[in-house]
Number of protein chains: 2
Amino acid sequence: MSTTPVNLALTVDRSSPVPLYFQVAQQLEHAIETGRLEPGSRLGNEIELAGRLGLSRPTVRQAIQSLVDKGLLVRRRGVGTQVVHSQVKRPLELSSLYDDLLAAGQRPTTSVLRSATGPASAAVAAALGIAEGAEVVTVERLRSAHGEPIARLLNHLPVGLVRLETADLEATGLYRLMRAAGIILHSARQTVGARAATAAEGALLSESEGAPLLTMERVSFDDHGRAVEYGTHIYRATRYSFEFSLLVRP
Amino acid sequence: MSTTPVNLALTVDRSSPVPLYFQVAQQLEHAIETGRLEPGSRLGNEIELAGRLGLSRPTVRQAIQSLVDKGLLVRRRGVGTQVVHSQVKRPLELSSLYDDLLAAGQRPTTSVLRSATGPASAAVAAALGIAEGAEVVTVERLRSAHGEPIARLLNHLPVGLVRLETADLEATGLYRLMRAAGIILHSARQTVGARAATAAEGALLSESEGAPLLTMERVSFDDHGRAVEYGTHIYRATRYSFEFSLLVRP
DNA sequence: GTCAATCGTTTGTCCTGACATACTTACTTG
DNA sequence: CAAGTAAGTATGTCAGGACAAACGATTGAC
(Lines give C-alpha, C1' and ligand atoms only; values in the text may rest on other atoms or scores of the structure.)
Protein backbone atom coordinates (compact mmCIF):
# COMPACT_ATOMS: atom_id res chain seq x y z
CA MET A 1 0.00 0.00 0.00
CA SER A 2 2.71 2.44 0.95
CA THR A 3 4.29 4.04 -2.05
CA THR A 4 7.74 3.18 -3.29
CA PRO A 5 10.81 4.56 -1.55
CA VAL A 6 12.31 5.96 -4.77
CA ASN A 7 16.02 6.17 -5.27
CA LEU A 8 16.98 9.14 -7.37
CA ALA A 9 20.44 10.19 -8.50
CA LEU A 10 20.67 13.85 -7.60
CA THR A 11 23.79 15.95 -7.71
CA VAL A 12 24.60 19.58 -7.12
CA ASP A 13 27.41 21.71 -8.46
CA ARG A 14 28.57 24.10 -5.80
CA SER A 15 30.79 26.01 -8.21
CA SER A 16 27.83 26.88 -10.41
CA PRO A 17 26.27 30.31 -10.09
CA VAL A 18 22.85 28.64 -10.22
CA PRO A 19 21.37 28.52 -6.72
CA LEU A 20 21.56 25.12 -5.11
CA TYR A 21 17.86 24.95 -4.35
CA PHE A 22 17.16 25.74 -7.98
CA GLN A 23 19.47 22.99 -9.20
CA VAL A 24 17.63 20.50 -7.02
CA ALA A 25 14.23 21.79 -8.12
CA GLN A 26 15.20 21.53 -11.78
CA GLN A 27 16.39 17.97 -11.42
CA LEU A 28 13.28 16.94 -9.55
CA GLU A 29 11.05 18.63 -12.11
CA HIS A 30 12.91 16.92 -14.92
CA ALA A 31 12.58 13.57 -13.18
CA ILE A 32 8.86 14.13 -12.82
CA GLU A 33 8.38 15.22 -16.42
CA THR A 34 10.32 12.28 -17.82
CA GLY A 35 8.43 9.90 -15.56
CA ARG A 36 11.48 8.76 -13.59
CA LEU A 37 9.59 9.97 -10.57
CA GLU A 38 6.25 8.32 -11.01
CA PRO A 39 2.99 9.97 -9.99
CA GLY A 40 2.13 9.05 -6.44
CA SER A 41 5.68 8.08 -5.56
CA ARG A 42 7.15 9.48 -2.40
CA LEU A 43 10.28 11.55 -2.16
CA GLY A 44 12.58 10.56 0.65
CA ASN A 45 12.07 12.69 3.69
CA GLU A 46 13.71 16.09 3.74
CA ILE A 47 16.40 15.33 6.27
CA GLU A 48 17.54 12.20 4.52
CA LEU A 49 17.44 13.99 1.17
CA ALA A 50 19.49 16.86 2.52
CA GLY A 51 22.05 14.45 3.91
CA ARG A 52 22.29 12.57 0.64
CA LEU A 53 22.92 15.79 -1.27
CA GLY A 54 25.20 17.36 1.26
CA LEU A 55 22.80 20.27 1.68
CA SER A 56 20.94 21.73 4.62
CA ARG A 57 17.30 21.02 5.19
CA PRO A 58 16.12 24.60 4.47
CA THR A 59 17.74 24.45 1.04
CA VAL A 60 16.04 21.18 0.19
CA ARG A 61 12.79 22.55 1.55
CA GLN A 62 13.07 25.59 -0.68
CA ALA A 63 13.54 23.36 -3.71
CA ILE A 64 10.55 21.23 -2.81
CA GLN A 65 8.44 24.25 -1.98
CA SER A 66 8.98 25.74 -5.42
CA LEU A 67 7.62 22.56 -6.99
CA VAL A 68 4.71 22.50 -4.58
CA ASP A 69 3.91 26.04 -5.72
CA LYS A 70 3.99 24.81 -9.30
CA GLY A 71 1.53 22.10 -8.39
CA LEU A 72 3.89 19.22 -9.15
CA LEU A 73 4.26 17.98 -5.58
CA VAL A 74 2.02 17.67 -2.55
CA ARG A 75 3.34 17.60 0.98
CA ARG A 76 1.53 16.15 3.97
CA ARG A 77 2.74 16.40 7.47
CA GLY A 78 3.51 13.04 8.95
CA VAL A 79 3.29 11.41 5.53
CA GLY A 80 5.85 12.89 3.21
CA THR A 81 6.08 14.54 -0.16
CA GLN A 82 4.41 12.89 -3.14
CA VAL A 83 4.31 13.51 -6.85
CA VAL A 84 0.88 14.63 -7.98
CA HIS A 85 -0.44 12.51 -10.81
CA SER A 86 -2.53 14.65 -13.02
CA GLN A 87 -2.52 16.25 -16.42
CA VAL A 88 -1.80 19.61 -14.85
CA LYS A 89 1.41 20.78 -16.38
CA ARG A 90 2.03 24.43 -15.69
CA PRO A 91 -0.20 26.55 -13.49
CA LEU A 92 -1.01 29.20 -16.04
CA GLU A 93 0.58 32.04 -17.80
CA LEU A 94 -0.48 35.31 -19.20
CA SER A 95 -1.25 33.71 -22.49
CA SER A 96 -0.42 35.51 -25.66
CA LEU A 97 -2.54 34.59 -28.63
CA TYR A 98 0.51 34.78 -30.84
CA ASP A 99 2.48 32.35 -28.69
CA ASP A 100 -0.55 30.12 -28.24
CA LEU A 101 -0.92 29.75 -31.97
CA LEU A 102 2.80 29.17 -32.41
CA ALA A 103 2.72 26.45 -29.75
CA ALA A 104 -0.24 24.83 -31.46
CA GLY A 105 1.86 24.47 -34.59
CA GLN A 106 -0.08 27.07 -36.51
CA ARG A 107 1.68 29.87 -38.30
CA PRO A 108 0.02 33.07 -37.09
CA THR A 109 -0.01 36.12 -39.34
CA THR A 110 -1.00 39.61 -38.39
CA SER A 111 -2.19 42.58 -40.37
CA VAL A 112 -2.33 46.01 -38.80
CA LEU A 113 -5.69 47.61 -39.55
CA ARG A 114 -5.05 50.82 -37.65
CA SER A 115 -2.26 52.36 -35.62
CA ALA A 116 -2.69 55.85 -34.25
CA THR A 117 -1.97 58.13 -31.34
CA GLY A 118 -4.71 60.21 -29.83
CA PRO A 119 -6.58 61.22 -26.70
CA ALA A 120 -7.92 58.43 -24.47
CA SER A 121 -11.65 57.88 -24.30
CA ALA A 122 -13.29 57.68 -20.88
CA ALA A 123 -13.35 53.88 -20.93
CA VAL A 124 -9.72 53.55 -21.98
CA ALA A 125 -8.56 56.14 -19.46
CA ALA A 126 -10.43 54.38 -16.66
CA ALA A 127 -8.95 51.01 -17.58
CA LEU A 128 -5.40 52.36 -17.75
CA GLY A 129 -5.80 54.57 -14.72
CA ILE A 130 -4.78 57.74 -16.56
CA ALA A 131 -6.48 61.06 -17.16
CA GLU A 132 -9.23 61.23 -19.76
CA GLY A 133 -7.83 62.78 -22.89
CA ALA A 134 -4.24 61.75 -22.15
CA GLU A 135 -2.38 60.49 -25.19
CA VAL A 136 -2.59 56.78 -25.89
CA VAL A 137 -1.47 54.57 -28.73
CA THR A 138 -4.26 52.54 -30.28
CA VAL A 139 -3.55 49.51 -32.42
CA GLU A 140 -6.10 47.38 -34.20
CA ARG A 141 -4.93 44.12 -35.67
CA LEU A 142 -6.37 41.11 -37.43
CA ARG A 143 -4.78 37.84 -36.43
CA SER A 144 -5.05 34.88 -38.78
CA ALA A 145 -3.78 31.35 -39.08
CA HIS A 146 -3.60 29.41 -42.34
CA GLY A 147 -5.18 32.37 -44.06
CA GLU A 148 -8.29 32.13 -41.86
CA PRO A 149 -9.05 35.06 -39.59
CA ILE A 150 -9.08 34.13 -35.92
CA ALA A 151 -9.44 37.32 -33.95
CA ARG A 152 -9.60 41.08 -34.00
CA LEU A 153 -7.26 42.58 -31.44
CA LEU A 154 -7.76 46.14 -30.23
CA ASN A 155 -5.09 47.46 -27.86
CA HIS A 156 -4.48 50.74 -26.08
CA LEU A 157 -1.14 51.68 -24.49
CA PRO A 158 0.09 54.80 -22.76
CA VAL A 159 2.42 56.72 -25.07
CA GLY A 160 6.17 56.41 -24.64
CA LEU A 161 6.29 52.85 -23.37
CA VAL A 162 7.02 51.06 -26.62
CA ARG A 163 7.65 52.18 -30.16
CA LEU A 164 5.14 50.20 -32.18
CA GLU A 165 6.24 49.89 -35.79
CA THR A 166 3.80 48.28 -38.16
CA ALA A 167 6.51 45.98 -39.46
CA ASP A 168 7.30 44.74 -35.94
CA LEU A 169 3.63 44.27 -35.13
CA GLU A 170 3.13 42.14 -38.23
CA ALA A 171 6.22 40.05 -37.52
CA THR A 172 5.57 39.14 -33.91
CA GLY A 173 3.21 39.57 -30.96
CA LEU A 174 2.59 42.67 -28.88
CA TYR A 175 3.73 41.04 -25.66
CA ARG A 176 7.05 40.12 -27.18
CA LEU A 177 7.57 43.71 -28.25
CA MET A 178 6.73 44.92 -24.77
CA ARG A 179 9.15 42.50 -23.17
CA ALA A 180 11.82 43.52 -25.65
CA ALA A 181 11.24 47.14 -24.61
CA GLY A 182 12.12 46.23 -21.04
CA ILE A 183 8.59 46.06 -19.66
CA ILE A 184 8.30 43.38 -17.01
CA LEU A 185 4.77 42.03 -16.93
CA HIS A 186 3.54 41.30 -13.45
CA SER A 187 -0.19 40.67 -13.45
CA ALA A 188 -3.36 41.13 -15.42
CA ARG A 189 -7.07 41.31 -14.92
CA GLN A 190 -9.19 39.58 -17.55
CA THR A 191 -12.84 39.31 -18.39
CA VAL A 192 -14.03 36.66 -20.80
CA GLY A 193 -17.53 36.72 -22.21
CA ALA A 194 -19.50 36.15 -25.38
CA ARG A 195 -21.79 38.10 -27.65
CA ALA A 196 -23.19 38.10 -31.15
CA ALA A 197 -21.19 39.54 -34.03
CA THR A 198 -22.22 42.82 -35.62
CA ALA A 199 -22.39 42.95 -39.39
CA ALA A 200 -19.01 44.67 -39.62
CA GLU A 201 -17.36 42.22 -37.26
CA GLY A 202 -18.84 39.32 -39.15
CA ALA A 203 -17.46 40.63 -42.43
CA LEU A 204 -14.01 41.10 -40.93
CA LEU A 205 -13.86 37.64 -39.40
CA SER A 206 -15.59 35.69 -42.19
CA GLU A 207 -18.58 34.99 -40.00
CA SER A 208 -22.18 35.95 -40.46
CA GLU A 209 -23.92 38.66 -38.50
CA GLY A 210 -25.16 37.28 -35.18
CA ALA A 211 -22.53 34.54 -35.04
CA PRO A 212 -21.28 33.86 -31.50
CA LEU A 213 -18.01 35.59 -30.65
CA LEU A 214 -15.77 35.09 -27.66
CA THR A 215 -14.76 38.39 -26.09
CA MET A 216 -11.80 39.13 -23.89
CA GLU A 217 -10.93 42.30 -22.09
CA ARG A 218 -7.59 42.59 -20.37
CA VAL A 219 -5.60 45.14 -18.42
CA SER A 220 -1.96 44.25 -17.84
CA PHE A 221 0.27 45.69 -15.15
CA ASP A 222 4.04 45.84 -14.91
CA ASP A 223 6.07 45.16 -11.80
CA HIS A 224 5.58 48.72 -10.61
CA GLY A 225 1.84 48.23 -10.71
CA ARG A 226 1.31 50.63 -13.60
CA ALA A 227 -1.24 49.66 -16.21
CA VAL A 228 0.73 49.17 -19.40
CA GLU A 229 -1.87 47.79 -21.79
CA TYR A 230 -5.61 47.56 -22.22
CA GLY A 231 -7.04 45.26 -24.82
CA THR A 232 -10.54 44.42 -26.02
CA HIS A 233 -10.44 41.46 -28.30
CA ILE A 234 -12.98 39.36 -30.14
CA TYR A 235 -12.40 35.79 -31.28
CA ARG A 236 -14.29 33.54 -33.63
CA ALA A 237 -15.89 31.03 -31.29
CA THR A 238 -15.66 28.35 -33.94
CA ARG A 239 -11.91 28.79 -34.17
CA TYR A 240 -10.69 29.57 -30.71
CA SER A 241 -11.28 28.86 -27.03
CA PHE A 242 -9.38 29.63 -23.86
CA GLU A 243 -7.76 26.76 -22.07
CA PHE A 244 -5.94 27.05 -18.80
CA SER A 245 -5.06 25.18 -15.65
CA LEU A 246 -5.23 26.64 -12.24
CA LEU A 247 -4.21 25.69 -8.76
CA VAL A 248 -6.42 25.95 -5.74
CA ARG A 249 -4.66 27.96 -3.10
CA PRO A 250 -5.36 26.56 0.34
CA MET B 1 12.61 60.89 -4.73
CA SER B 2 12.97 57.87 -2.53
CA THR B 3 9.68 56.61 -1.27
CA THR B 4 8.45 57.17 2.23
CA PRO B 5 9.99 55.25 5.12
CA VAL B 6 6.60 54.08 6.47
CA ASN B 7 6.08 53.49 10.13
CA LEU B 8 3.66 50.71 10.81
CA ALA B 9 2.42 49.43 14.14
CA LEU B 10 2.90 45.68 13.93
CA THR B 11 2.53 43.28 16.81
CA VAL B 12 2.72 39.54 17.21
CA ASP B 13 1.10 37.27 19.77
CA ARG B 14 3.46 34.48 20.64
CA SER B 15 0.84 32.62 22.65
CA SER B 16 -1.42 32.34 19.62
CA PRO B 17 -1.46 29.08 17.68
CA VAL B 18 -1.40 31.14 14.49
CA PRO B 19 2.10 31.02 13.00
CA LEU B 20 4.08 34.19 13.54
CA TYR B 21 4.86 34.70 9.87
CA PHE B 22 1.18 34.39 9.15
CA GLN B 23 0.26 36.97 11.74
CA VAL B 24 2.71 39.39 10.18
CA ALA B 25 1.48 38.62 6.67
CA GLN B 26 -2.12 39.19 7.71
CA GLN B 27 -1.36 42.53 9.27
CA LEU B 28 0.61 43.68 6.28
CA GLU B 29 -2.12 42.53 3.91
CA HIS B 30 -4.71 44.35 5.98
CA ALA B 31 -2.61 47.50 6.01
CA ILE B 32 -2.33 47.30 2.24
CA GLU B 33 -6.02 46.69 1.69
CA THR B 34 -7.08 49.53 3.96
CA GLY B 35 -4.56 51.84 2.33
CA ARG B 36 -2.46 52.40 5.44
CA LEU B 37 0.40 51.05 3.39
CA GLU B 38 0.15 53.10 0.24
CA PRO B 39 0.95 51.72 -3.19
CA GLY B 40 4.57 52.32 -4.00
CA SER B 41 5.57 52.80 -0.38
CA ARG B 42 8.55 50.91 0.88
CA LEU B 43 8.55 48.49 3.77
CA GLY B 44 11.46 48.91 6.13
CA ASN B 45 14.26 46.51 5.33
CA GLU B 46 13.91 42.98 6.60
CA ILE B 47 16.51 43.14 9.33
CA GLU B 48 15.12 46.32 10.82
CA LEU B 49 11.60 44.93 10.58
CA ALA B 50 12.62 41.72 12.29
CA GLY B 51 14.28 43.65 15.09
CA ARG B 52 11.24 45.84 15.57
CA LEU B 53 8.97 42.81 15.86
CA GLY B 54 11.31 40.71 17.94
CA LEU B 55 11.38 38.05 15.23
CA SER B 56 14.12 36.46 13.21
CA ARG B 57 14.76 37.52 9.66
CA PRO B 58 13.65 34.20 8.10
CA THR B 59 10.27 34.57 9.74
CA VAL B 60 9.80 38.09 8.42
CA ARG B 61 11.01 36.95 5.02
CA GLN B 62 8.44 34.16 5.01
CA ALA B 63 5.70 36.67 5.76
CA ILE B 64 6.83 39.01 2.99
CA GLN B 65 7.31 36.14 0.56
CA SER B 66 3.73 34.99 0.99
CA LEU B 67 2.52 38.44 0.01
CA VAL B 68 4.91 38.55 -2.92
CA ASP B 69 3.39 35.27 -4.06
CA LYS B 70 -0.03 36.84 -3.80
CA GLY B 71 1.14 39.70 -5.96
CA LEU B 72 0.73 42.39 -3.31
CA LEU B 73 4.41 43.18 -2.87
CA VAL B 74 7.45 43.39 -5.11
CA ARG B 75 10.97 42.95 -3.84
CA ARG B 76 14.10 44.24 -5.52
CA ARG B 77 17.56 43.54 -4.35
CA GLY B 78 19.36 46.65 -3.27
CA VAL B 79 16.12 48.61 -3.29
CA GLY B 80 13.72 47.07 -0.84
CA THR B 81 10.19 45.79 -0.76
CA GLN B 82 7.41 47.91 -2.21
CA VAL B 83 3.65 47.73 -2.30
CA VAL B 84 2.38 47.09 -5.81
CA HIS B 85 -0.19 49.64 -6.81
CA SER B 86 -2.76 47.98 -8.92
CA GLN B 87 -6.30 46.79 -8.83
CA VAL B 88 -5.13 43.22 -8.60
CA LYS B 89 -6.62 41.84 -5.44
CA ARG B 90 -6.41 38.09 -5.24
CA PRO B 91 -4.55 35.95 -7.76
CA LEU B 92 -7.40 33.70 -8.68
CA GLU B 93 -9.35 30.87 -7.30
CA LEU B 94 -11.18 27.91 -8.59
CA SER B 95 -14.31 29.94 -8.90
CA SER B 96 -17.60 28.41 -8.01
CA LEU B 97 -20.57 29.92 -9.76
CA TYR B 98 -22.57 29.59 -6.59
CA ASP B 99 -20.02 31.49 -4.52
CA ASP B 100 -19.50 34.02 -7.29
CA LEU B 101 -23.18 34.85 -7.30
CA LEU B 102 -23.28 35.00 -3.52
CA ALA B 103 -20.33 37.39 -3.49
CA ALA B 104 -22.02 39.55 -6.10
CA GLY B 105 -24.94 40.00 -3.73
CA GLN B 106 -27.31 37.89 -5.79
CA ARG B 107 -29.29 35.13 -4.23
CA PRO B 108 -28.60 32.06 -6.35
CA THR B 109 -31.19 29.32 -6.57
CA THR B 110 -30.74 25.89 -8.03
CA SER B 111 -33.13 23.35 -9.41
CA VAL B 112 -32.02 19.81 -10.07
CA LEU B 113 -33.17 18.74 -13.51
CA ARG B 114 -31.65 15.29 -13.42
CA SER B 115 -29.65 13.17 -11.02
CA ALA B 116 -28.75 9.64 -11.95
CA THR B 117 -26.09 6.98 -11.76
CA GLY B 118 -25.04 5.10 -14.83
CA PRO B 119 -22.17 3.96 -17.05
CA ALA B 120 -19.73 6.63 -18.24
CA SER B 121 -19.73 7.62 -21.87
CA ALA B 122 -16.44 7.64 -23.74
CA ALA B 123 -16.04 11.40 -23.36
CA VAL B 124 -16.79 11.39 -19.64
CA ALA B 125 -14.53 8.41 -19.00
CA ALA B 126 -11.67 10.07 -20.88
CA ALA B 127 -12.06 13.31 -18.94
CA LEU B 128 -12.16 11.56 -15.58
CA GLY B 129 -9.46 9.07 -16.46
CA ILE B 130 -11.59 6.04 -15.68
CA ALA B 131 -12.71 3.04 -17.71
CA GLU B 132 -15.48 3.50 -20.23
CA GLY B 133 -18.68 2.14 -18.78
CA ALA B 134 -17.60 2.63 -15.17
CA GLU B 135 -20.33 3.98 -12.94
CA VAL B 136 -20.59 7.75 -12.65
CA VAL B 137 -23.05 10.11 -11.05
CA THR B 138 -24.54 12.63 -13.44
CA VAL B 139 -26.22 15.77 -12.21
CA GLU B 140 -27.91 18.40 -14.33
CA ARG B 141 -28.88 21.64 -12.67
CA LEU B 142 -30.35 25.00 -13.60
CA ARG B 143 -28.83 27.90 -11.71
CA SER B 144 -30.82 31.12 -11.43
CA ALA B 145 -30.59 34.47 -9.74
CA HIS B 146 -33.55 36.74 -9.07
CA GLY B 147 -35.73 34.22 -10.83
CA GLU B 148 -33.74 34.60 -14.05
CA PRO B 149 -31.92 31.54 -15.35
CA ILE B 150 -28.15 32.05 -15.57
CA ALA B 151 -26.64 28.74 -16.46
CA ARG B 152 -27.16 25.06 -17.05
CA LEU B 153 -24.66 22.97 -15.14
CA LEU B 154 -23.92 19.39 -16.15
CA ASN B 155 -21.57 17.48 -13.87
CA HIS B 156 -20.15 13.97 -13.78
CA LEU B 157 -18.49 12.44 -10.74
CA PRO B 158 -17.06 9.00 -10.03
CA VAL B 159 -19.41 7.09 -7.73
CA GLY B 160 -18.69 6.87 -4.04
CA LEU B 161 -17.01 10.24 -3.61
CA VAL B 162 -19.96 12.27 -2.42
CA ARG B 163 -23.56 11.48 -1.64
CA LEU B 164 -25.50 13.96 -3.73
CA GLU B 165 -28.94 14.54 -2.30
CA THR B 166 -31.27 16.70 -4.34
CA ALA B 167 -32.09 18.77 -1.26
CA ASP B 168 -28.41 19.50 -0.62
CA LEU B 169 -27.79 20.34 -4.27
CA GLU B 170 -30.63 22.83 -4.25
CA ALA B 171 -29.46 24.42 -1.01
CA THR B 172 -25.82 25.01 -1.83
CA GLY B 173 -23.11 24.55 -4.48
CA LEU B 174 -21.48 21.34 -5.61
CA TYR B 175 -18.01 22.45 -4.55
CA ARG B 176 -19.19 23.09 -1.03
CA LEU B 177 -20.65 19.60 -0.86
CA MET B 178 -17.41 18.14 -2.11
CA ARG B 179 -15.37 20.02 0.45
CA ALA B 180 -17.78 18.95 3.17
CA ALA B 181 -17.23 15.35 2.08
CA GLY B 182 -13.51 15.72 2.75
CA ILE B 183 -12.36 16.21 -0.82
CA ILE B 184 -9.45 18.61 -1.02
CA LEU B 185 -9.45 20.37 -4.36
CA HIS B 186 -6.00 20.88 -5.77
CA SER B 187 -6.15 21.97 -9.38
CA ALA B 188 -8.36 22.12 -12.42
CA ARG B 189 -8.14 22.33 -16.17
CA GLN B 190 -10.67 24.60 -17.84
CA THR B 191 -11.71 25.42 -21.35
CA VAL B 192 -13.85 28.47 -22.03
CA GLY B 193 -15.50 29.00 -25.38
CA ALA B 194 -18.69 30.18 -27.01
CA ARG B 195 -21.32 28.81 -29.32
CA ALA B 196 -24.90 29.38 -30.41
CA ALA B 197 -27.79 28.03 -28.35
CA THR B 198 -29.84 25.13 -29.62
CA ALA B 199 -33.60 25.46 -29.52
CA ALA B 200 -33.82 23.36 -26.34
CA GLU B 201 -31.07 25.28 -24.63
CA GLY B 202 -32.67 28.56 -25.57
CA ALA B 203 -35.98 27.47 -24.09
CA LEU B 204 -34.33 26.39 -20.86
CA LEU B 205 -32.36 29.61 -20.43
CA SER B 206 -35.00 32.06 -21.69
CA GLU B 207 -32.95 32.88 -24.74
CA SER B 208 -33.78 32.44 -28.39
CA GLU B 209 -32.30 29.77 -30.59
CA GLY B 210 -28.92 30.91 -31.91
CA ALA B 211 -28.25 33.26 -29.00
CA PRO B 212 -24.59 33.36 -27.99
CA LEU B 213 -23.74 31.15 -25.02
CA LEU B 214 -20.56 31.02 -23.00
CA THR B 215 -19.35 27.45 -22.52
CA MET B 216 -17.06 26.11 -19.84
CA GLU B 217 -15.60 22.66 -19.51
CA ARG B 218 -13.72 21.77 -16.38
CA VAL B 219 -11.96 18.78 -14.88
CA SER B 220 -11.04 19.14 -11.21
CA PHE B 221 -8.38 17.15 -9.40
CA ASP B 222 -7.93 16.50 -5.69
CA ASP B 223 -4.64 16.59 -3.86
CA HIS B 224 -3.91 13.00 -4.86
CA GLY B 225 -4.19 13.96 -8.49
CA ARG B 226 -7.37 11.99 -9.06
CA ALA B 227 -10.03 13.54 -11.27
CA VAL B 228 -13.00 14.11 -9.00
CA GLU B 229 -15.37 16.08 -11.20
CA TYR B 230 -16.01 16.81 -14.84
CA GLY B 231 -18.41 19.55 -15.78
CA THR B 232 -19.72 20.95 -19.04
CA HIS B 233 -21.62 24.13 -18.41
CA ILE B 234 -23.36 26.73 -20.53
CA TYR B 235 -24.00 30.31 -19.45
CA ARG B 236 -26.20 33.04 -20.85
CA ALA B 237 -23.67 35.43 -22.35
CA THR B 238 -25.95 38.36 -21.58
CA ARG B 239 -25.97 37.50 -17.92
CA TYR B 240 -22.54 36.16 -17.07
CA SER B 241 -18.87 36.51 -17.89
CA PHE B 242 -15.69 35.15 -16.37
CA GLU B 243 -13.45 37.57 -14.59
CA PHE B 244 -10.12 36.69 -13.08
CA SER B 245 -6.73 38.07 -12.25
CA LEU B 246 -3.53 36.28 -12.85
CA LEU B 247 0.08 36.70 -11.96
CA VAL B 248 2.93 36.35 -14.39
CA ARG B 249 5.40 33.88 -13.03
CA PRO B 250 8.95 34.97 -13.74
C1' DG C 1 29.75 67.80 -18.96
C1' DT C 2 29.46 63.02 -19.54
C1' DC C 3 30.80 58.54 -18.53
C1' DA C 4 32.82 55.08 -15.55
C1' DA C 5 34.16 53.14 -11.13
C1' DT C 6 33.12 52.68 -6.23
C1' DC C 7 30.50 52.15 -2.07
C1' DG C 8 26.66 51.49 0.92
C1' DT C 9 22.13 49.35 1.17
C1' DT C 10 19.05 45.56 0.73
C1' DT C 11 17.59 41.29 -0.68
C1' DG C 12 19.24 36.42 -2.14
C1' DT C 13 21.19 32.23 -0.68
C1' DC C 14 22.79 28.92 2.64
C1' DC C 15 24.07 26.98 7.09
C1' DT C 16 23.09 24.65 11.91
C1' DG C 17 20.01 23.67 15.42
C1' DA C 18 15.62 23.08 17.92
C1' DC C 19 10.85 22.23 19.05
C1' DA C 20 5.79 21.80 17.52
C1' DT C 21 2.24 19.41 15.16
C1' DA C 22 -0.19 16.27 12.25
C1' DC C 23 -0.67 11.83 10.28
C1' DT C 24 0.13 6.77 10.27
C1' DT C 25 0.86 2.48 12.38
C1' DA C 26 0.84 -0.75 15.82
C1' DC C 27 -0.41 -1.94 20.18
C1' DT C 28 -3.35 -2.32 23.98
C1' DT C 29 -7.70 -2.56 26.17
C1' DG C 30 -12.72 -3.16 26.85
C1' DC D 1 -13.04 -8.08 17.52
C1' DA D 2 -13.43 -3.18 17.70
C1' DA D 3 -12.17 1.11 19.56
C1' DG D 4 -9.16 3.93 21.85
C1' DT D 5 -4.19 4.93 22.87
C1' DA D 6 0.61 5.49 22.26
C1' DA D 7 4.81 5.58 19.57
C1' DG D 8 7.09 6.80 15.39
C1' DT D 9 7.78 9.65 11.35
C1' DA D 10 7.59 13.49 8.50
C1' DT D 11 6.66 18.15 7.65
C1' DG D 12 5.76 22.98 9.86
C1' DT D 13 7.65 26.73 12.32
C1' DC D 14 11.31 29.55 14.29
C1' DA D 15 16.01 31.27 15.69
C1' DG D 16 20.47 33.41 14.60
C1' DG D 17 24.37 33.96 11.78
C1' DA D 18 27.24 34.49 7.50
C1' DC D 19 28.49 35.68 2.89
C1' DA D 20 27.10 36.82 -2.05
C1' DA D 21 24.97 39.56 -5.52
C1' DA D 22 22.45 43.32 -7.36
C1' DC D 23 20.83 47.94 -7.39
C1' DG D 24 21.11 53.14 -6.70
C1' DA D 25 23.58 57.03 -5.95
C1' DT D 26 27.58 59.36 -5.18
C1' DT D 27 32.13 60.30 -6.47
C1' DG D 28 35.89 60.54 -9.50
C1' DA D 29 38.23 60.79 -14.03
C1' DC D 30 38.56 62.13 -18.83
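Residues numbered from 1 in each chain as written. Chains lettered and ligands numbered in written order. Predicted model: local features only at pLDDT ≥ 70, side-chain atom pairs only at ≥ 80, totals over all residues. Heavy atoms only, no water.

DNA strand D sits among 26 residues. The nearest are E46(A), R61(A), R14(B), L20(B) and T59(B). Within 4 Å of the protein, the atoms of DNA strand D are drawn from sugar and phosphate moieties in a proportion of 73%. A distance of 2.7 Å separates a phosphate oxygen of DNA strand D from a polar backbone atom of E46(A). Listed by contribution, the elements that provide at least two residues to the surface near DNA strand D are helix 2 (46-53), helix 3 (57-70), strand 2 (73-76) and strand 3 (80-83) of chain A together with helix 1 (20-33) and helix 3 (57-70) of chain B. Here the residues of the surface near DNA strand D sort into eight nonpolar, nine polar and nine charged. (Near = heavy atom within 4 Å. Polar contact = N/O pair within 3.5 Å; in protein donor to acceptor, adjacent residues only side chain to side chain. Helix = DSSP H or I, 4+ residues; strand = E, 2+ residues; numbered from the N terminus. Nonpolar A, V, L, I, M, F, W, Y, C, P; charged D, E, K, R; others polar.)

Neighbouring residues of DNA strand C: 26 residues in total, closest R14(A), L20(A), T59(A), R77(A) and R61(B). In the interface set of DNA strand C, defined as its atoms within 4 Å of the protein, sugar plus phosphate atoms amount to 73%. Between a phosphate oxygen of DNA strand C and a side-chain N or O atom of R14(A), the distance comes to 2.7 Å. Those elements that provide at least two residues to the surface near DNA strand C are helix 1 (20-33) and helix 3 of chain A together with helix 2 (46-53), helix 3, strand 2 (73-76) and strand 3 (80-83) of chain B. Class assignment of the residues belonging to the surface near DNA strand C gives a composition of eight nonpolar, nine polar and nine charged.

Next up on the list: the interface of chain B and chain A. Each partner contributes to the interface: chain B provides 42 residues, whereas chain A provides 43 residues. Approximately 4,100 Å² of surface area, both sides summed, lies buried where chain B meets chain A, with 56% of it carried by carbon and sulfur atoms. Looking at the side of chain B facing chain A, the largest losses of area belong to H186(B), F244(B) and L246(B), adding up to 15% of the total buried there. With a closest N to O distance of 3.0 Å, E243(A) and R189(B) form a salt bridge. Our count for the contact surface shared by chain B and chain A stands at seven residue pairs in polar contact (both at pLDDT 80 or more). Elements represented by at least two residues in the side of chain B that touches chain A include exactly strand 2, strand 7 (185-196), strand 8 (212-222) and strand 10 (242-247) of chain B. Class assignment of the residues belonging to the side of chain B that touches chain A gives a composition of 20 nonpolar, 14 polar and eight charged. Pairing of strand 10 (residues 242-247) of chain A with strand 7 of chain B, which is carried by six bridges, proceeds in the antiparallel orientation. Its bridge partner being in strand 7 of chain B, S245(A) is matched across the sheet by R189(B). (Contact = heavy atoms within 4.5 Å. Buried area = accessible area lost by both parts, 1.4 Å probe. Salt bridge = Lys/Arg side-chain N within 4 Å of Asp/Glu carboxyl O. Pairing = 2+ DSSP bridges.)

What follows covers the pattern of salt bridges. Inspection of every chain in the model, using the stated rule, returns 27 salt bridges over all chains. Here R236(A) and E148(A) are joined by a salt bridge, their closest N and O atoms 2.9 Å apart. Here R236(A) is found in strand 9 (residues 227-236), whereas its partner E148(A) is found in strand 6 (residues 148-158), with 88 residues between them in sequence. By relative accessible area, E148(A) is classed as partly exposed at 30%. For D222(B), the salt bridge is made with R226(B), and the minimal N-O distance between the two is 2.8 Å. The exposure class of D222(B) is buried, given its relative accessible area of 3%. Residues joined by salt bridges that share partners form a network here, namely E46(A), R57(A), R61(A) and R75(A). (Buried < 20%, exposed > 50% of the residue type's maximum accessible area, 1.4 Å probe, protein only.)

Honestly, that's just the spatial picture; any functional story needs more than this.
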